[in-house]
Amino acid sequence: MDAQQLIEQSEDIFKVLTEESTQGISVADLDGNYIYVNPAFCQMMGYSEQELLQLTVFNMKAPKQDHSSFDKTKNSKEKQAVQVNLQRKDGSIFPSEVIGKKINYKGELCVLGTVQDISDRIATHQALAESEYRYHSAMQVANDGIWDWNIKTGVVRFDERYFTMAGYEKDGFAYTLVEWQKRVHPDDLHITNKAMQQYLDGKANSYDVEFRFLRKDQSYMWIRSRGKVIERDEDNQPKRFIGTHSDISVQKQHEEKILHQAHFDSLTYLPNRFLSLDRLKHSCQEANRKNELVALLFLDLDDFKKINDTLGHETGDLLLIEAANRLRSVVRSVDTVGRLGGDEFVIILGSLSNVEEAHPIIENLLNQFREMFIIRGRELMLTASVGVAVFPNDASDASELLRNADSAMYDAKACGRNTFSYYTAQMNQCAQRRLAIEEQIHGALNRQEFSICYQAKTDLTSGEIMGAEALLRWHNPVLGNVPPDEFISVAEQTGNIIQLGQFVLKQALSQTARWHKQFNADFQIAINLSPRQFRDPMLVNFIEDSLKATGVAADKLELEITEGVLLSGHNYVEAMLTNITNLGVQLAMDDFGTGYSSLSYLRSYPFDVLKIDRSFINEITNSDKDKALINAVVSMSHALNLRVVAEGIETDEQCNYLRKLGCDYGQGYLFSKPITADAMSSLLEQSMQLAQPKN
Ligand SMILES: Nc1nc2c(ncn2[C@@H]2O[C@@H]3COP(=O)(O)O[C@H]4[C@@H](O)[C@H](n5cnc6c(=O)[nH]c(N)nc65)O[C@@H]4COP(=O)(O)O[C@H]3[C@H]2O)c(=O)[nH]1
């Protein structure tokens, strides 16, 4: 093959290769005039081959582009690569990478150019740069610090943010894992290391852990650390581990606050019912394991409700806070004092080897309540009743233990308050009976299980029956005869007392109307009113309507109330008492001597009668103290224009003493027990016959 043939052949090869190439290829003479362009270049620039062959490489460049590269290429043996913006025929501009090389083309020195549209590459770079920028901005805004740990070298790099968030300066900060670990709170280090190891070992899908981290000022901040292995070695072992530290202290504070609110009482800061019972459960489980005992003390403040009602809720709250502080001060550090709600507290004494160990703590506890409470400069006496039940002796689990300690507390209250009672199985029976009463009282009135008894009231001077007290009786097929001392408090609690009270009033007034016609028009009927009935806005209307319906004169009705009604201090009580007396109905203060026995009540409210409680009458002939007291009460009552009734007279001796003292009326087994209406009718008949002059 001669030289010409060789040239032609190489031209053919060049043409075939360039025609098929997807890259733009051109050949220009040393002045820049195109002498060859391939189809890809034509397409790239938007010109036809003929058009391009009329143009120069300089015509392809976008305005303001550097033209020196062409000269550099033609003067150099090396290929030259430049990035330059080219302009298509339609005026649009695109970035390109042009590689120029001086070549021999068809016997002449020319410049071969390969052109590549790099719009996509540039766009990708830009997107990457933008995303990095966004990432860094986000990190800064998010307050996150970045760490980058080379597991192989052990070096950890931290970004600027990492230092500032914990108050450190970059200098003097050791860039190792060990140094980082020194700053993790000792209590959190184990879980942090474990989370990291599990992730690196492939046992966990992600590394995400929260821990406390030491700030430069020695306080701890809460950190959430998340990370990802981004590089592995040939053995697929983690090589580079990067992640972020986020400051979650504020979030943690909120979480802790919410958690605290869910577990602690907001007034006294003691564990609430939920947490107390949870701790009790754990104490019982531990006692089971260790063969130990747990004593549960159920404490209820005596008469707290009265104090709350009389002195206001704010004083009540301060009193509860002070009571809680006193309770805290007597227990051991391992014990729990919790508030179940209202004025009920529990004290969990765990790890006891015998019951006696609880005794000094209980004594101490009650002693705390023997000292006056000083609230807003006012001295208040507050006592407590404590029920004690022991696990596992008295109960097989925490909830039974709580129930039994509660029953024991009721017993302590019944024993005169300010004392404690250990749980006995019998108490459980009492609690069960109370439950049964609650169950049975529902609907009992409709089932006609209630009736009324009457106990005569005698004029101590004339010996005549001047009236009677109506006393409610309940016979239930399941429970038998239930005494009022048992069911009245339940009826008060359940609200049944409203209907029961109306029943007594109606029945007793109808019966009185009959006795008025039959025997004595002056006969007076006394009826008990419970505190709860005063909350019934219809009470006064009901009394008025019942008097009208039966025709009984208002002054023949006497309503007996206890101090409990007055202690609440509510305005509506005073208004109601005034309305009742405005009807002409008589008011009696019942059970005088058992509660506060406040004389001021007798002056402030429109009472007509005072009833001395039978507990004083019992001892009247033996105790000089009781004698002196009754003496004073009778004189004082007369001075206040009140008539006096002595309750529970059982002996002639008591009766004679009271008569001599000038006590007006008497009531008690000596004269008559509470009896049915029919029996009362017979008694009245007898009494009338006795009073009639014998012929
Ligand atoms: N040991 C002894 N006891 C005597 C003697 N004389 C009377 N009693 C008892 O003393 C209680 C007097 O009634 P209370 O102080 O009003 O005390 C009453 C009253 O507070 C309440 N109660 C009874 N009936 C009603 C009622 O209809 N409504 C309301 N709200 N309470 C009632 O239940 C309490 C107890 O009533 P009862 O069991 O009927 O008990 C009665 C009566 O049976 C005596 O000489 N010796």
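A brief structural summary. Model, not experiment: these values are computed from the prediction. (Residues numbered from 1 in each chain as written. Predicted model: local features only at pLDDT ≥ 70, side-chain atom pairs only at ≥ 80, totals over all residues. Heavy atoms only, no water.)

Turning our eyes to something else, we now look at the sheet that holds strand β3 (residues 80–87). Taken together, five strands build an open sheet; the order of strands is β2-β1-β5-β4-β3 and the sheet is antiparallel. What marks the edges here is a single partner per strand, and that holds for β2 (34–37) and β3. For this sheet, the mean angle separating the axes of adjacent strands, direction not counted, is 30°. (Pairing = 2+ DSSP bridges. Helix = DSSP H or I, 4+ residues; strand = E, 2+ residues; numbered from the N terminus. Axes fitted to C-alpha atoms, helices over the stretch in contact; angles between N-to-C directions.)

Our focus in this paragraph is the site of the ligand. What surrounds the ligand is a group of 22 residues, the closest being Q455, E469, R614, E650 and Y669. Within the contact set of the ligand, an oxygen atom lies 3.1 Å away from a side-chain nitrogen or oxygen of E647. Protein contacts shield 85% of the accessible area of the ligand, which totals 790 Å² for the unbound molecule. Of all elements in the fold, only β19 (465–476), α17 (484–494) and β23 (586–592) reach the threshold of two or more residues within the shell around the ligand. (Near = heavy atom within 4 Å. Polar contact = N/O pair within 3.5 Å; in protein donor to acceptor, adjacent residues only side chain to side chain. Areas by Shrake-Rupley, 256 points an atom, 1.4 Å probe, with all protein chains shown as cover.)

On to the sheet that holds strand β16 (residues 384–391). Taken in spatial order, the five strands of this open sheet run β12-β13-β11-β16-β17, and their pairing is mixed. In this open sheet, the two edge strands, each paired with only one partner strand, are β12 (336–341) and β17 (420–422). This sheet shows a mean twist of 20° between the axes of neighbouring strands, independent of strand direction. Inspection of the sheet shows β12 paired to strand β13 (residues 344–352) by five bridges, in the antiparallel sense. Bridge pairing links R339 to F345 in β13. Packed onto the sheet, helix α13 (residues 313–330) meets β11 (293–301), β12 and β13 and runs at close to 10° relative to β13. (Contact = heavy atoms within 4.5 Å.)

Take the pairing of strand β4 (residues 93–105) next. Of the strand pairs in this sheet, β3 and β4 are connected by eight bridges, and their pairing is antiparallel. Each bridged residue has a counterpart across the sheet, and for V84 the counterpart in β4 is S96. The loop that links β3 with its antiparallel partner β4 comprises five residues; one of these, G91, has a positive phi angle of about 95°. With 10 bridges joining them, β4 and strand β5 (residues 108–117) adopt antiparallel strand pairing. Residue G100 lies in a different strand from β5, and its bridge partner there is G113. Joining the antiparallel neighbours β4 and β5 is a turn of two residues, in which K106 adopts a positive phi near 50°.

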